[in-house]
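# Architecture at a glance
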Amino acid sequence: MFALTFLGTSASVPSAERNHPALLVEAAGQRMLVDCGEGTQRQLLRSGAGFRRLDRILLTHAHLDHVLGIPGLFSTLRLRQGAEVMTVHGGPATLETVVQMLAGLWGAGRAPLSVEFVALAAGRFIDAGDFVVDCFPVRHRDTDSFGFVFQSPSRRHLQPDRLAALGVPDGPLRGELAAGRAIVIEGDRTIDPEDVLGPPGGGKKLVVIGDLETTEGLSNYVADADLLVIEATFLDRDAPTARNYGHLTAAEAASFAAANGVRQLVLTHMSGRYEDAEILGEAARIFPNTRIAVDFDHIVV
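Since the structure is predicted, the reported quantities are computational estimates derived from the model, not experimental observations.

### Side note on the overall build of the protein
Each helix and strand counted, the protein has 10 helices and 16 strands in total. For the protein, the spread of C-alpha atoms along the principal axes amounts to about 75 × 50 × 35 Å. Relative to its full complement of 301 residues, the protein shows a buried share of 50%. Across the protein, the fraction of contacts at a sequence separation of at least 24, relative to all contacts at a separation of at least 6, is 61%. Accessible surface, the protein as shown: approximately 13,700 Å² in total, 49% of it carbon and sulfur. Averaged over its 27 positive side-chain charges, the protein has a centre that lies 4 Å from the centre of its 37 negative ones.

Shown next, in the form of structure tokens:
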């Protein structure tokens, strides 16, 4: 299960209702930010999420609306004696931007708290047991941008009716079967896990993509996602402008979701030039199960 709290859903310029981009993802007791726009620390407080157990930031790219909240957040975490070590993941050029920003404030190699910078390369970079996170490169102007795939494994559960029919008693023997190991019960009967385990199920796939100018070549990463979070900065009538600024239209985002078996689409990075209803209308005509993210939305996958 993944729980998402949208802390900022604006495009480059914030509004009274929308903060700069940031998304809190919670899974298996771990909490991480995807991007950290200006004002993210206050959004964490306003959302009720707070700063507890927050020790990882995943950066989609280095444009300032996605990273300017980092210094303030770090200062607050130091004062609150938060994370012992904050791990920041991003492309090499993205991390260099953040390092220079922090150095300009506190001096080279210094920060208010211990920080580990981990450069991204395509593939798996987090394996937490109960979930994994992979990254993949996306194109957005001149940045080294990445999208993220969060996945929890499918699991096979014991079937009570089969256990009862085979006479498997409650207790450790059932744990052995759940772990995939055969057991021997009274009468020297061998029970194999396949005799009592149901089909795989329960695995979830969440894909989060920041700013991007094209979905070309990304289908394998988003295919069959339970939830896709992606930008929709422009409407189709302004597609040439979207190309110039390296962004998608709502129609393009919806077409991408529809073509790849996505179950639910959440659009973010909203521009103040449009009403939400316009954006939703354009996308929903192509992919009905679409919603527009607003600040403090909470979605569980």
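Back to the write-up after that little detour.
### Things to note about helix 10 (residues 276–284)
Taken residue by residue, helix 10 has I279, E282 and A283 as its buried positions. Projected onto a plane normal to the axis of helix 10, the buried residues spread over an arc of 95° and lie on a single side. Against the buried residues of helix 10 lie helix 9 (250–259), strand 14 (265–268) and strand 15 (290–292).

### Description of the sheet that holds strand 13 (residues 227–231)
The mixed open sheet is built from 7 strands, whose spatial order is 7-8-9-12-13-14-15. Strands with a single pairing partner mark the edges of an open sheet, and in this sheet they are strand 7 (123–127) and strand 15. This sheet shows a mean twist of 20° between the axes of neighbouring strands, independent of strand direction. Judged from the 4 bridges that link them, strand 7 and strand 8 (residues 132–138) form a sheet pairing that is antiparallel. Residue R124 lies in a different strand from strand 8, and its bridge partner there is D134. The strands touched by helix 10 within the sheet are strand 14 and strand 15, with strand 15 carrying the most contacts at an inclination of about 165°.

### Describing the nonpolar core
Counting 30 residues, the largest nonpolar core has V207, I209, L228, I230, L265, L267 and I279 as its most contacted members. Elements represented by at least two residues in this core include exactly strand 8, strand 13, helix 9, strand 14 and helix 10. At 5 residues, the largest contribution of residues to this core is made by helix 9. Apart from the residues within four sequence positions on either side, L228 is in contact with V207, I209, V222, F256, A257, V262, Q264, L265 and V266. Of all hydrophobic cores here, the second largest spans 26 residues; its members include L120, C135, V229 and V301.

### Some details on the sheet that holds strand 1 (residues 3–8)
Strand order in this open sheet of 7 strands is 6-5-4-3-2-1-16, and the pairing throughout is mixed. The open sheet has two edge strands, strand 6 (114–119) and strand 16 (298–300), and neither has a second partner. Averaged over all pairs of adjacent strands, the angle between their axes in this sheet comes to 20°, without regard to strand direction. Where strand 5 (residues 85–90) meets strand 6, 6 bridges bridge the pair, whose relative direction is parallel. Each bridged residue has a counterpart across the sheet, and for M86 the counterpart in strand 6 is V115. The sheet contacts of helix 1 (residues 40–47) involve strand 1, strand 2 (22–27), strand 3 (30–36) and strand 4 (54–58), and relative to strand 1 the element is tilted by about 130°. Most of the contacts of helix 3 (residues 70–79) go to strand 4, to which it runs at about 170°, and overall it touches strand 3, strand 4, strand 5 and strand 6.

### Re the pairing of strand 13
Among the 5 residues of strand 13, 5 are classified as buried, and the element is accordingly described as predominantly covered. Where strand 12 (residues 204–208) lies against strand 13, 3 bridges are found, and the strand directions are parallel. Across the sheet, L206 pairs through a bridge with L227, a residue of strand 13. Where strand 13 meets strand 14, 4 bridges bridge the pair, whose relative direction is parallel. Paired with I230 across the strands is L267, a residue of strand 14.

### Observations concerning the environment of L102
Relative to the elements of secondary structure, L102 occurs in helix 4 (residues 92–106). L102 gets classed as buried once you look at its relative accessible area, which sits at 3%. Taking C-alpha positions, L102 is 9.8 Å from F74, a pair spaced 28 residues apart along the chain.

How each quantity is defined
Residues numbered from 1 in each chain as written. Predicted model: local features only at pLDDT ≥ 70, side-chain atom pairs only at ≥ 80, totals over all residues. Heavy atoms only, no water. Helix = DSSP H or I, 4+ residues; strand = E, 2+ residues; numbered from the N terminus. Buried < 20%, exposed > 50% of the residue type's maximum accessible area, 1.4 Å probe, protein only. Contact = heavy atoms within 4.5 Å. Areas by Shrake-Rupley, 256 points an atom, 1.4 Å probe, with all protein chains shown as cover. Lys, Arg positive; Asp, Glu negative; His and termini not counted. Charge placed at Lys NZ, Arg CZ, Asp CG, Glu CD. Arc of directions from axis to C-beta. Pairing = 2+ DSSP bridges. Axes fitted to C-alpha atoms, helices over the stretch in contact; angles between N-to-C directions. Core = buried A, V, L, I, M, F, W, Y, C linked by side-chain atoms within 4.5 Å.

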